[in-house]
Amino acid sequence: MSERQGSFLEGVVATIFQRAGLDTSTNVFMKGYEVDVVGSKLNYKVIVQCKHCEGSYVNIKDILHQWKSKNDIINADKVVLVIYGQEPNQSHYHLAEKLGIILIDKEKLQKLNSYDNEKLTKKLNELLKFDNEEYNKELNQKIVIYIVCGVLGLIVVYKTLEVLMDSMMFGILLFVIMVGFIASGGEMFTKKNRRRRK
């Protein structure tokens, strides 16, 4: 697999995940391992390893075992292995299912890429066993938390300004009293001086 072919395949996979509503990054190092594509929604994380095999052979079973071991350390919610240019057989699919890895071949990838965004989101969620209802529930909870934090923040700011305004008013009042006191003291001093002159 050439570097150019690999980058192209990673780009296609990342675009598919983005269209389905996931945030994606490519060539990310996680716990010491380079991951071709990382897709995430809130706390849900998917790691994808892409293998462009046209003109070469890869041992799919070995790769499945390798990524099962790697994910024991990375601890992503799902692992996806995309094999492009080499047809996996039934034993590969059985092993992938046993290891909890989603195996996508060239035909399945092309089919996913052909869907409109709505259908793609539905199909990819089914494939990843992603609970969209749970995601929406978690998202709504986060929105409520953000709103509550925002309201509390505004209350704190308002109360702080209120205290500052009270302090300013007290300061102004104190200043006026002092000015009045000084002025009245000065007036009394002036009157005493006038009496002395007389």
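For the structure, see preceding data.
What counts, and where the lines are drawn
Residues numbered from 1 in each chain as written. Predicted model: local features only at pLDDT ≥ 70, side-chain atom pairs only at ≥ 80, totals over all residues. Heavy atoms only, no water. Pairing = 2+ DSSP bridges. Helix = DSSP H or I, 4+ residues; strand = E, 2+ residues; numbered from the N terminus. Axes fitted to C-alpha atoms, helices over the stretch in contact; angles between N-to-C directions. Expected span 1.5 Å × (residues − 1). Buried < 20%, exposed > 50% of the residue type's maximum accessible area, 1.4 Å probe, protein only. Arc of directions from axis to C-beta. Parallel < 35°, antiparallel > 145°, perpendicular 65-115°, else oblique. Contact = heavy atoms within 4.5 Å. Nonpolar A, V, L, I, M, F, W, Y, C, P; charged D, E, K, R; others polar. Lys, Arg positive; Asp, Glu negative; His and termini not counted. Salt bridge = Lys/Arg side-chain N within 4 Å of Asp/Glu carboxyl O. Patch = residues over 30% accessible without salt bridge, like charges linked within 9 Å, V, L, I, M, F, W, Y side chains within 5 Å. Areas by Shrake-Rupley, 256 points an atom, 1.4 Å probe, with all protein chains shown as cover. Charge placed at Lys NZ, Arg CZ, Asp CG, Glu CD.

Here we look at the sheet that holds strand E1 (residues 23-30)
Strand order in this open sheet of 5 strands is E1-E2-E3-E4-E5, and the pairing throughout is mixed. Only two strands of the sheet have a single partner each, and these edge strands are E1 and strand E5 (101-104). Mean inter-strand twist for the sheet, computed between neighbouring axes without regard to direction, equals 30 degrees. The sheet contact formed by strand E3 (residues 44-52) and strand E4 (residues 78-84) spans 7 bridges and is parallel. Bridging across to E4, Val-48 finds its partner in Val-80.

Details of helix H5 (residues 117-128)
Here H5 spans 16 Å end to end across 12 residues, near enough to the 16 Å set by a 1.5 Å rise per residue. Those residues of H5 that fall on the buried side of the exposure criterion are Leu-120, Thr-121, Leu-124, Asn-125 and Leu-128. What you see down the axis of H5 is that its buried residues fit within an arc of 130 degrees, all on one side. In H5, the exposed residues that point more than 90 degrees away from the buried face are Glu-118 and Lys-122. In the segment just after H5, Lys-129 is the residue with positive phi, at about 55 degrees.

Some thoughts on the packing of helix H2 (residues 60-74) against helix H3 (residues 90-99)
Viewed as axis vectors pointing N to C, H2 and H3 meet at an angle of 5 degrees, and their least axial separation amounts to 10 Å. By the angle class used here, H2 and H3 are roughly parallel. Every residue of H3 that contacts H2 at Ile-60, Lys-61, Leu-64, His-65 and Lys-68 is listed here: Ser-91, His-92, Leu-95, Ala-96 and Leu-99. Considering only residue class, the contact of H2 with H3 consists of 5 nonpolar, 3 polar and 2 charged.

As for the side chain of Glu-10
Here Glu-10 lies in helix H1 (residues 3-19). Although Glu-10 lies buried, it forms no salt bridge, and the closest oppositely charged side chain, Lys-51, sits 8.6 Å away as judged by the N-O distance. Ignoring sequence-local partners within four residues, the contact set of Glu-10 consists of Thr-26, Asn-27, Asp-36, Val-37 and Cys-50.

Topic: unusual backbone geometry
Of note, Asn-27 is a non-glycine position whose phi angle comes to about 50 degrees, a positive value. By relative accessible area, which is 38% here, Asn-27 ends up partly exposed. With a phi angle near 50 degrees, Lys-31 is a residue other than glycine that sits in the positive phi range. Inspection of the secondary structure assignment puts Lys-31 in the loop between E1 and strand E2 (33-41).

Regarding a positive patch on the surface
A cluster of like positive charges, contributed by Lys-108, Lys-111, Lys-119, Lys-122 and Lys-123, occupies part of the molecular surface. Elements supplying a minimum of two residues to the positive patch: helix H4 (106-114) and H5. If you tally residues by element for the positive patch, the top one is H5, at 3 residues. Judged by its relative accessible area of 33%, Lys-123 falls in the partly exposed class.

Just distances and angles here, no functional claims.
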